[in-house]
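Examining the three-dimensional arrangement
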Amino acid sequence: MRRFEDSYKQKGLRRQLVDSIRQKGITDENVLTAINNIPRHFFLDTAFEGIAYEDRAFPIGEGQTISQPYTVAYQSQLLELKPYEKVLEIGTGSGYQACVLGELKVNVFTIERQKKLFDQVKQFSFKSKYPTLRFFYGDGYEGLPTYAPFDKVLVTAAAPQIPEKLLQQLKVGGKMVIPVGGHEVQRMLRITKVSETDYDQEMFDNFSFVPMLAGKTL
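These numbers come from a predicted model, not from an experiment.

Considerations on the packing of aromatic side chains
All told, the structure shown has 18 aromatic pairs when counted by the stated rule. Ring geometry for Phe-118 against Tyr-137: centres 5.7 Å apart, planes inclined by 35 degrees, an arrangement best described as tilted. With Phe-118 in helix H5 (residues 115-122) and Tyr-137 in strand S5 (residues 133-137), this residue pair connects regions lying 19 residues apart in the sequence. Here a set of aromatic residues connected by ring pairs shows up, and it is made of Phe-4, Phe-42, Phe-43, Tyr-96, Phe-124, Phe-126 and Tyr-130. Above the plane of the ring of Phe-109 lies Lys-86, whose end atom (NZ or CZ) is 5.7 Å from the centre.

Comments concerning the pairing of strand S3 (residues 86-90)
For S3, the buried fraction is high: 4 of the 5 residues fall into the buried class. The pairing of S3 with strand S4 (residues 107-112) spans 5 bridges and is classified as parallel. Residue pairing across strands places Lys-86 opposite Asn-107, the latter belonging to S4. Note on the crossover from S3 through helix H4 (residues 96-103) to S4: the handedness is right-handed. As defined by bridge partners, S3 adjoins strand S6 (residues 150-155) across 4 bridges and the pair is classed as parallel. Of the residues in S6, the one forming a bridge with Glu-89 is Leu-154.

A few points about the sheet that holds S5
One open sheet accounts for 7 strands, arranged S5-S4-S3-S6-S7-S8-S9; its pairing is mixed. The outermost strands of the open sheet, each flanked by one partner alone, are S5 and strand S9 (199-207). Sheet twist, expressed as the average angle between the axes of neighbouring strands with direction ignored, equals 15 degrees. Pairing of S6 with strand S7 (residues 170-181), which is carried by 4 bridges, proceeds in the parallel orientation. Along S7, the bridge assignment pairs Lys-152 with Lys-175. Where helix H3 (residues 69-79) meets the sheet, its contacts fall on S6, S7, strand S8 (186-193) and S9, and the angle it forms with S9 comes to roughly 165 degrees. Sitting on the sheet, H4 touches S3, S4, S5 and S6, and the angle it makes with S4 is about 175 degrees.

A few points about the UniProt feature "active site" (unreviewed entry) in the chain
In the numbering adopted here, UniProt assigns the feature "active site" (unreviewed entry) to Ser-67. Along the polypeptide, Ser-67 turns up in the loop between strand S2 (64-66) and H3. Those residues within four positions of Ser-67 in sequence are excluded, and the remaining contacts are Arg-40, Ala-57, Val-72 and Phe-209.

Concerning the environment of Leu-81
Structurally, Leu-81 can be placed in the loop between H3 and S3. Leave out the neighbours within four places in its chain, and Leu-81 touches Ser-76, Val-87, Leu-101, Leu-104, Val-106 and Lys-152.

So, helix H1 (residues 8-23)
Residues spaced three or four apart along an α-helix point in a common direction, a consequence of the helix completing one turn every 3.6 residues. If you check H1, its first and last C-alpha atoms are 23 Å apart, about what 16 residues at 1.5 Å a residue would give, namely 22 Å. Where H1 is buried, its residues touch helix H2 (29-37) and H3. Of the residues flanking the end of H1, it is Gly-25, one or two places downstream, whose phi is positive at about 120 degrees.

Describing the nonpolar core
Membership of the largest hydrophobic core comes to 47 residues, with the highest contact counts inside it found for Ile-35 and Phe-43. Among the secondary structure elements, those contributing two or more residues to this core are H1, H2, strand S1 (58-61), H3, H4, H5 and S5. It is H3 that contributes the most residues to this core, 6 residues altogether. For Phe-43, the residues in contact, after removing those within four places along its chain, are Ile-38, Ile-60, Ile-66, Ser-94, Gly-95, Tyr-96, Cys-99, Phe-124 and Phe-126. One finds Phe-109, Met-176, Ile-178 and Val-180 within the second-largest nonpolar core, a separate group that totals 21 residues.

A word on the pattern of salt bridges
Counted under the stated rule, the structure contains 14 salt bridges. Among the ionic pairs, Asp-151 bridges to Lys-171, the shortest N-O distance being 2.9 Å. With Asp-151 in strand S6 and Lys-171 in strand S7, the pair connects residues that are 20 residues apart, well separated along the chain. A residue is classified by how much of its surface remains accessible, and Asp-151, at 16% relative accessible area, is buried. Taking the relative accessible area as the measure of exposure, Lys-171 reaches 35% and is therefore partly exposed. Residues joined by salt bridges that share partners form a network here, namely Glu-80, Lys-175, Arg-190 and Glu-202.

Analysis parameters
The residue numbers shown here count from 1 along each chain, following its written sequence. In keeping with the model being predicted, local features are shown solely for residues with a pLDDT of at least 70 and side-chain atom pairs are shown and tallied solely at 80 or more, while totals for entire chains, interfaces and linings include all residues. Calculated side-chain values reflect all of the structure's heavy atoms, with hydrogen atoms and water omitted. Whether two aromatic rings pair depends on their centres lying within 6.5 Å, for rings of Phe, Tyr and Trp, where Trp uses its six-membered ring; planes under 30 degrees apart make the pair stacked, over 60 edge-to-face, and the rest tilted. Where helices and strands are cited, they refer to DSSP runs of H or I of at least four residues and of E of at least two residues respectively, numbered from the N terminus. Sitting over a ring, as applied to charges here, requires NZ of Lys or CZ of Arg to be within 6 Å of the ring centre and within 35 degrees of the ring normal. Exposure is judged per residue with a 1.4 Å probe applied to protein chains only, and the accessible area is read against the type maximum: over 50% gives exposed, under 20% gives buried, and values in between give partly exposed. DSSP calls a pair of strands paired once it identifies at least 2 bridges connecting them. Handedness of a crossover is defined as follows: with both strands directed away from the viewer, a clockwise route from the first strand across the helix to the second makes it right-handed. The axes are straight lines fitted to the C-alpha atoms, using for helices just the contacting stretch, and the angles between their N-to-C directions are given from 0 to 180°. Two residues form a contact once any of their heavy atoms are found within 4.5 Å. UniProt positions are given in the numbering used here, feature names are shortened, and annotations may be inferred rather than shown by experiment. What a helix is expected to span follows from its residue count: subtract one and scale by 1.5 Å. Among the buried residues, those of types Ala, Val, Leu, Ile, Met, Phe, Trp, Tyr and Cys that are joined through side-chain atoms within 4.5 Å form a nonpolar core. Here a salt bridge means any side-chain nitrogen of Lys or Arg lying within 4 Å of a carboxyl oxygen belonging to Asp or Glu.

What follows is the structure in structure tokens.
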């Protein structure tokens, strides 16, 4: 069984990583503290442990990646989270982003469509540090209507357009952060639900995410 250890060296590399994403424009100190508190190397194969604190994405299997820390921090900052808010995350992946949200003291409902990744995260002992995380196997385009409405919705895959069902599950006054666009480059959007039928949309930087796919896989 793998032993999870967080050495002084890894903590030091994490502090350097936090300094680098601060220099790139992340200003939310709560988000930076969350990144600093979470051992990212726990979420990667042991082959990547030596480079886990480079600010880049890494493969996690099933054609998916763990997002680069800057991207995780960027999306988390755009959400403007407050403690105890209800957050729907689309695309659990390795569980790293969900744990960053847990560190920010919000209630996370996270969906993964890849059964293998879902099972891996369910067995991952580190997540037990965050009792506010709830994991679901399902289709991200469908959301979780049973648990709606949500204060915030975070989509961690590239959508060709904004999913209507996720907008419906957003509370009035709530915000969705989502990368929208084609396969190569997407624009990060923040949508604020002004009323049951009206939305404000803000556009931010370009990113590159794996595509958001419908359905779920065994």
